[in-house]
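Listed below are the residues making up each chain.
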Amino acid sequence: MSFGNPYANYANTKIQTATPAQLTLMLYDGAIKFCNLAINAVEEGQIEMANTNIKKVEAIIAEFRATLNFKYPVAKDFDNVYEYLGRRLLEANLHKDKEILEEVLSHLRVMRETWTEVMKQSK
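This report concerns the structure included in the present document.

**Quick notes on the overall build of the protein chain**
When helices and strands are tallied, the protein chain shows five helices and zero strands. Helices (α) and strands (β) of the protein chain occur, in sequence order from the N terminus, as α-α-α-α-α. Seen through its C-alpha atoms, the protein chain measures out along the principal axes to roughly 50 × 40 × 20 Å. Here the analysis covers contacts within the protein chain between residues at least 6 apart in sequence; of these, 62% occur between residues at least 24 apart.

Below you can see the structure in the form of structure tokens.
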């Protein structure tokens, strides 16, 4: 009898039982992680690894954009930010530009901190 990978089982359970707010936080965490990995890959000249991780950040940003609820006026502001980050990621990937990735990472960290505060205030 095999129970598979315990870490994978835990991660799947964590995702399946998370609230929408917690899932959003997980996405921010993932975007930050992959952006850091892309920066490291650029520094080490690992072009394919940088591309892979930048694309993962782009996918998370695309998911954020796809799930915006435009019945709230603030959604347009978020959409503008996400669109900007998407353009910057495209440029960073094209040129393997560490500085652009660091800029995106800075924005992601601020947005994550803001989201964490929103979660605390809504409890």
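Alright, that's what it looks like, and here's the rest.
**A few points about the packing of aromatic side chains**
Scanning the entire structure with this criterion turns up three aromatic pairs. Arranged with centres 4.5 Å apart and planes meeting at 35 degrees, the rings of Tyr28 and Phe64 form a pair that is tilted. Of this pair, Tyr28 sits in helix H2 (residues 20–43) while Phe64 sits in helix H3 (residues 47–66); the two residues are 36 residues apart in sequence, bridging distant segments of the chain. Residue Tyr28 shares its accessibility class with Phe64, and that shared class is buried.

**Considerations on the pattern of salt bridges**
Under the criterion given, the structure shown has eight salt bridges. Ionic pairing is found between Arg87 and Glu83, a salt bridge with its closest N-O pair at 3.1 Å. With Arg87 and Glu83 both in helix H4 (residues 74–95), this residue pair falls four residues apart, about one helical turn. Owing to a relative accessible area of 45%, Arg87 belongs among the partly exposed residues under this scheme. According to the relative accessible area criterion, Glu83 is partly exposed, its value standing at 34%. Lys120 is the salt-bridge partner of Glu117, the closest N and O atoms lying 3.6 Å from each other. A residue pair is termed a helical-turn pair when its members lie 3 or 4 positions apart in one helix, as Glu117 and Lys120 do in helix H5 (residues 98–121) at three residues. Judged by its relative accessible area of 40%, Glu117 is partly exposed. A residue is classified by how much of its surface remains accessible, and Lys120, at 53% relative accessible area, is exposed. Bridged by salt links that share partners, the residues Glu43, Lys98 and Glu102 form one connected network.

**A short note on the nonpolar core**
Cys35, Val57, Ile61, Tyr82, Leu89, Leu101 and Leu108 are the most contacted members of the largest nonpolar core, which totals 27 residues. Within the residue set of this core, elements represented by two or more residues are H2, H3, H4 and H5. Take this core: its biggest share by element is nine residues, from H2. Not counting the four nearest positions on each side in its chain, Leu89 is found in contact with Ile54, Val57, Glu58, Ile61, Leu101 and Val104.

Calculation notes
Residues numbered from 1 in each chain as written. Predicted model: local features only at pLDDT ≥ 70, side-chain atom pairs only at ≥ 80, totals over all residues. Heavy atoms only, no water. Helix = DSSP H or I, 4+ residues; strand = E, 2+ residues; numbered from the N terminus. Contact = heavy atoms within 4.5 Å. Phe/Tyr/Trp six-rings, centres within 6.5 Å; stacked < 30°, edge-to-face > 60°. Buried < 20%, exposed > 50% of the residue type's maximum accessible area, 1.4 Å probe, protein only. Salt bridge = Lys/Arg side-chain N within 4 Å of Asp/Glu carboxyl O. Core = buried A, V, L, I, M, F, W, Y, C linked by side-chain atoms within 4.5 Å.

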